[in-house]
Amino acid sequence: MSSKDFPRRTLHLPNTPLFSSRVHSREPLDRALLSYEKAKAVGLSYNLSIDDLLSLSPKFWQLHNDPITVMDFGATTLLSIQYNLCAGTIARYVSRRPELISLVDDLLQYRKHGQFMMTELGHGLDIGNIETTATLTPSGEFVLNTPTPSAAKFMPPTVPAGLPCVAVVFAKLIVNGEDRGHRPFIVALNDGRQMCTGVQCKQLPFRGGPSPVTHSITTFRNVRLPRGSLLGGLEKPADLHANLMSIVERITIGTIALSCIALPFLQAHTTIGTLYSLRRQIGSPTNRTPILTFRTQQAPILAAAANTYVMQAFQRWSIKQFCDKRLDGRVRHGIAAIFKAVMVQHAQQAAMGISERCGAQGLFSHNQMTTLHNDMRGIAIAEGDILGLAVRLVNELLIGRYAMPAPANATSLLAQHEAGMFAELRDIVKSAPGGHRSEEVNRLVLPYCQPMAEAIGHRMAYDAAVAEGVHPALVDLYVANVVKLDAAWYAEFAGHGRAAQHALEARAMDAVLPMLGELVKDMDVFAYLDAPLVSDERWGAFVDDLKVHEGSGRVELFNVPRRPMGVEPEMVRSHL
């Protein structure tokens with residue numbers, strides 16, 4: 001998992017003033033605008049081409065695995081929108097429309113900002129019912145409108161930020177009064193200082209945390225678009241749903257690409273937890289003991305370390321499968337959804353488990369862990385909410401429309417769990433009056449769709465780790481970690497009771513503990529961590545930089561009435 005696997009193309013950035021300056025005391029809007037500069041610096045470090053976007057080259061995936069993501073997730077958000085969603089969507093059309101090449105190049109070289117506007121306030125994941133319209137006029141132009149408040153585009157940060165900004169906007173194409181399905185349009189939003197005519201942006205309150213983004217509600221009123229703004233043709237597609245899935249392809253790519261960011265997050269949590277637990281000691285001045293000595297401190301750190309290395313193997317396998325165009329597109333989409341569910345699950349487990357073991361220090365955003373936890377919540381929703389993806393995927397698997405790749409070892413504990421859960425849910429669907437859309441399935445199956453998707457992912461991750469030769473102790477600890485997520489099932493159906501589960505975990509942790517130092521070293525993310533708690537030197541520098549409050553004020557500690565000199569209190573006189 002060293003930088004040989006993922007070249008550190010941004011290693012020159014962490015110590016620059018742009019990234020090393022403390023931002024926690026700055027105003028949120030200043031920090032949000034600073035994130036644009038950071039996104040540009042990271043993007044230009046990769047120098048992606050149109051071919052990188054279209055072929056999903058190794059460099060494309062390296063960008064989404066770069067540990068620079070842990071330093072400013074606001075910048076990562078902006079960069080992913082600009083490169084994958086906006087430039088990536090436009091790049092699909094350059095072979096037929098070479099005049100678009102210069103615009104894509106402007107986006108890749110950060111001469112323009114790019115946004116991607118599909119989700120509407122009143123529709124969320126229900127993208128088939130978005131209401132924004134683009135009406136063809138007799139002159140050949142289009143008029144873009146937001147017909148109702150629920151049709152407002154929700155979340156994309158469209159506030160002017162210094163550079164001209166364009167967006168890929170999804171709207172219903174209206175020709176001679178006929179709805180011809182959804183299309184992407186290239187729309188100018190602002191010139192970097194003010195909004196373009198007819199475009200209104202209402203900036204939402206900041207989400208909080210040290211990496212704010214100017215998320216907005218954006219509407220259009222009679223915005224005139226040239227004929228070339230339309231990406232695609234005027235003809236009505238034979239299959240409107242298939243057309244919609246095709247034009248939003250970059251969202252599915254984003255599902256797996258954004259989820260890759262969980263890997264540097266896991267690496268960061270493991271590294272921070274390990275270094276702090278070695279630095280933090282208890283006992284007398286002559287007999288100090290690091291808190292890492294205790295199994296209660298070791299447990300979440302070792303679990304995160306094992307999960308990190310198994311997720312590395314799972315990521316490689318998932319990307320390879322996703323990029324294999326010979327596979328059924330639905331299976332590729334399913335792999336992306338499953339990968340996202342498991343990556344986010346394990347990253348959030350690490351965030352909570354390790355930050356809690358850092359005590360009060362773990363609560364502060366400057367120590368990164370709570371920030372990364374909050375950022376990962378955003379990833380869980382962006383480019384497809386995990387629950388929504390899981391509900392659709394698992395229902396389609398249960399009714400047999402397609403199947404995920406089979407286990408490499410059907411007798412493994414995790415494969416047995418996957419098969420057992422699937423059989424149980426399938427029996428409910430088969431016996432339910434009204435089939436998979438019945439109320440019974442709504443009550444008894446839908447709540448288990450995400451755990452089912454995660455179970456498939458746990459087995460896939462295990463298979464990938466074994467095939468790649470991940471150290472057996474790490475694989476064993478990963479299995480123990482996963483078994484704890486549904487301990488009752490393994491006790492009830494796999495004959496793996498509480499004592500056996502505890503013994504499996506204890507043996508695996510005993511085997512992994514001596515490796516922890518090398519495991520953290522090979523993660524190679526220390527240069528990207530700015531958490532002060534990882535070393536005495538960083539903590540000292542952090543404290544020296546804090547705002548100091550001093551003065552000469554005085555406060556009476558006790559409210560005792562003043563008395564004249566020489567007058568003794570009643571109590572004193574009474575005892576003389």
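Residues numbered from 1 in each chain as written. Predicted model: local features only at pLDDT ≥ 70, side-chain atom pairs only at ≥ 80, totals over all residues. Heavy atoms only, no water.

Visitor: I'd like a description of the overall build of the protein, backed by residues and values.
Guide: Counting its regular elements, the protein contains 22 helices and 11 strands. For the protein, the spread of C-alpha atoms along the principal axes amounts to about 110 × 70 × 50 Å. Pairs at least 24 apart in sequence give 75% of the contacts found in the protein among residues at least 6 apart. Element-wise, carbon and sulfur atoms account for 55% of the exposed surface of the protein, whose accessible area totals about 26400 Å². Mean positive and mean negative side-chain charge positions of the protein (56 and 53 charges, respectively) differ by 3 Å. (Helix = DSSP H or I, 4+ residues; strand = E, 2+ residues; numbered from the N terminus. Contact = heavy atoms within 4.5 Å. Areas by Shrake-Rupley, 256 points an atom, 1.4 Å probe, with all protein chains shown as cover. Lys, Arg positive; Asp, Glu negative; His and termini not counted. Charge placed at Lys NZ, Arg CZ, Asp CG, Glu CD.)

Visitor: How would you explain a nonpolar patch on the surface if you had to name every residue and give the values?
Guide: Side chains of L557, F558 and V560 sit close together on the surface and give an oily, nonpolar patch of about 400 Å² of accessible area. With a relative accessible area of 74%, L557 lands in the exposed category. (Patch = residues over 30% accessible without salt bridge, like charges linked within 9 Å, V, L, I, M, F, W, Y side chains within 5 Å. Salt bridge = Lys/Arg side-chain N within 4 Å of Asp/Glu carboxyl O. Buried < 20%, exposed > 50% of the residue type's maximum accessible area, 1.4 Å probe, protein only.)

Visitor: Residues and numbers for helix α11 (residues 329-356), please.
Guide: An ideal rise of 1.5 Å per residue puts 40 Å on 28 residues; α11 measures up with 41 Å between its terminal C-alpha atoms. Of all the 28 residues making up α11, 22 are buried; the element is thus mostly covered by neighbouring parts of the structure. (Expected span 1.5 Å × (residues − 1).)

Visitor: Lay out the packing of α11 against helix α12 (residues 369-381) with the relevant residues and their values.
Guide: α12 packs onto α11 with a crossing angle of 160 degrees between their chain directions and a minimal axis gap of 9 Å. Put simply, α11 runs roughly antiparallel to α12. The crossing of α11 and α12 is left-handed. In this structure, α11 uses K340, V344, A347, Q348, A351, M352, I354 and S355 to contact α12, whose residues at the interface are M369, L372, H373, M376, R377, I379, A380 and I381. Looking at side-chain class alone, the contact of α11 with α12 contains 11 nonpolar, three polar and two charged residues. (Axes fitted to C-alpha atoms, helices over the stretch in contact; angles between N-to-C directions. Parallel < 35°, antiparallel > 145°, perpendicular 65-115°, else oblique. Left-handed = near helix turned anticlockwise from the far one by under 90°. Nonpolar A, V, L, I, M, F, W, Y, C, P; charged D, E, K, R; others polar.)

Visitor: Lay out the sheet that holds strand β7 (residues 199-203) in plain terms, naming residues and giving numbers.
Guide: Spatially, β4-β8-β7 is the arrangement adopted by the three strands of the open sheet, whose pairing is antiparallel. Of all strands in the sheet, those with a lone pairing partner are β4 (153-155) and β7, marking the two edges. Strand-to-strand twist across the sheet, computed as the mean angle between neighbouring axes with direction ignored, equals 15 degrees. Taken together, the five bridges between β7 and strand β8 (residues 216-220) define a ladder with antiparallel strand orientation. Bridging across to β8, Q200 finds its partner in T219. (Pairing = 2+ DSSP bridges.)

Visitor: Requested: an account of the pairing of strand β5 (residues 165-175), with residues and values cited.
Guide: Burial runs high along β5: 10 of the 11 residues are buried. Pairing of strand β1 (residues 113-117) with β5, which is carried by five bridges, proceeds in the parallel orientation. Within β5, the residue paired with M117 across the bridge is V169. Where strand β2 (residues 133-136) and β5 come together, three bridges link them in parallel fashion. Residue pairing for β5: A134 is matched across the bridge by L173. As paired strands, β5 and strand β6 (residues 178-190) are joined by 10 bridges and run antiparallel to one another. From the neighbouring strand, V168 faces β6, where its bridge partner is I186. Two successive antiparallel strands, β5 and β6, enclose a turn made up of two residues, where N176 displays a positive phi of approximately 55 degrees.

Visitor: So what's going on with the packing of aromatic side chains? Which residues, and what values?
Guide: Taken as a whole and assessed by the stated rule, the structure comprises 10 aromatic pairs. Geometrically, the ring pair formed by F314 and W317 is stacked, given 6.3 Å between the ring centres and 20 degrees between the ring planes. Pair noted here: F314 and W317 are both in helix α10 (residues 295-322), with a separation of three residues, about one helical turn. By relative accessible area, which is 0% here, F314 ends up buried. We classify W317 as partly exposed; its relative accessible area is 23%. Look at W489 and F493: their rings are 5.5 Å apart centre to centre, the planes differ by 40 degrees, and that puts the pair in the tilted class. (Phe/Tyr/Trp six-rings, centres within 6.5 Å; stacked < 30°, edge-to-face > 60°.)

Visitor: Describe the nonpolar core, naming the residues involved and giving the relevant values.
Guide: Counting residues in hydrophobic clusters, the biggest one holds 150 residues, and the most contacted among them are I90, M311 and M404. Examining the composition of this core, we find that 13 residues originate from one element, α11, more than from any other. When near neighbours in sequence (up to four residues on either side) are disregarded, M404 contacts R330, V331, G334, I335, I338, L393, L397, I456 and M460. Listed in part, the 18 residues of the second largest apolar core include L144, V175, F220 and L225. (Core = buried A, V, L, I, M, F, W, Y, C linked by side-chain atoms within 4.5 Å.)

Visitor: Give me the pairing of β1: which residues, what numbers.
Guide: Where burial is concerned, most of β1 is hidden: five out of the five residues are buried. Both faces of β1 are covered, namely the face carrying H113, Q115 and M117 and the face carrying G114 and F116.

Visitor: Please give an account of the pattern of salt bridges that cites residues and values.
Guide: Within this structure, the stated rule accounts for 22 salt bridges. Between K236 and E178 there is a salt bridge; the shortest N-O distance is 3.9 Å. Here the residue K236 occupies a position in the loop between β9 (223-225) and α7 (240-247), and E178 occupies one in strand β6, the gap between them amounting to 58 residues. Take K236: its relative accessible area is 43%, and that puts it in the partly exposed class.

Visitor: Would you mind going over the packing of helix α5 (residues 73-91) against helix α8 (residues 249-259) in detail, with residue names and values included?
Guide: With their axes 10 Å apart at the nearest point, α5 and α8 run at an angle of 155 degrees to one another. In terms of orientation, α5 and α8 fall into the roughly antiparallel class. Considering the relative orientation of α5 and α8, their crossing is right-handed. Residue-level contacts link S80, N84, L85, G88 and T89 of α5 to R250, I251, I253, G254 and L258 of α8. Among the residues forming the contact of α5 with α8, the class breakdown is four nonpolar, five polar and one charged.

Visitor: Residue-level account of the state of the cysteines, with values.
Guide: Per the stated rule, a full pass over the model turns up zero disulfides. The closest cysteine sulfur to the non-disulfide-bonded C165 is located on C86, 7.7 Å from its own sulfur. By relative accessible area, which is 5% here, C165 ends up buried. In this structure C196 is a free cysteine whose sulfur lies 8.8 Å from that of C165, the closest cysteine sulfur available. (Disulfide = S-S within 2.5 Å.)

Visitor: Report on the environment of W317, specifying residues and quantitative values.
Guide: Taking the C-alpha atoms as reference, W317 lies 9.1 Å from E468; in sequence the two are 151 residues apart. Residues within four places of W317 in sequence aside, it is in contact with I335, P405, M460 and A464.

Visitor: Quick one: what's the story with the side chain of E396, residue by residue and with numbers?
Guide: Its place among the elements puts E396 in helix α13 (residues 386-398). With near-sequence residues (within four places) excluded, E396 lies in contact with R401 and Y402.

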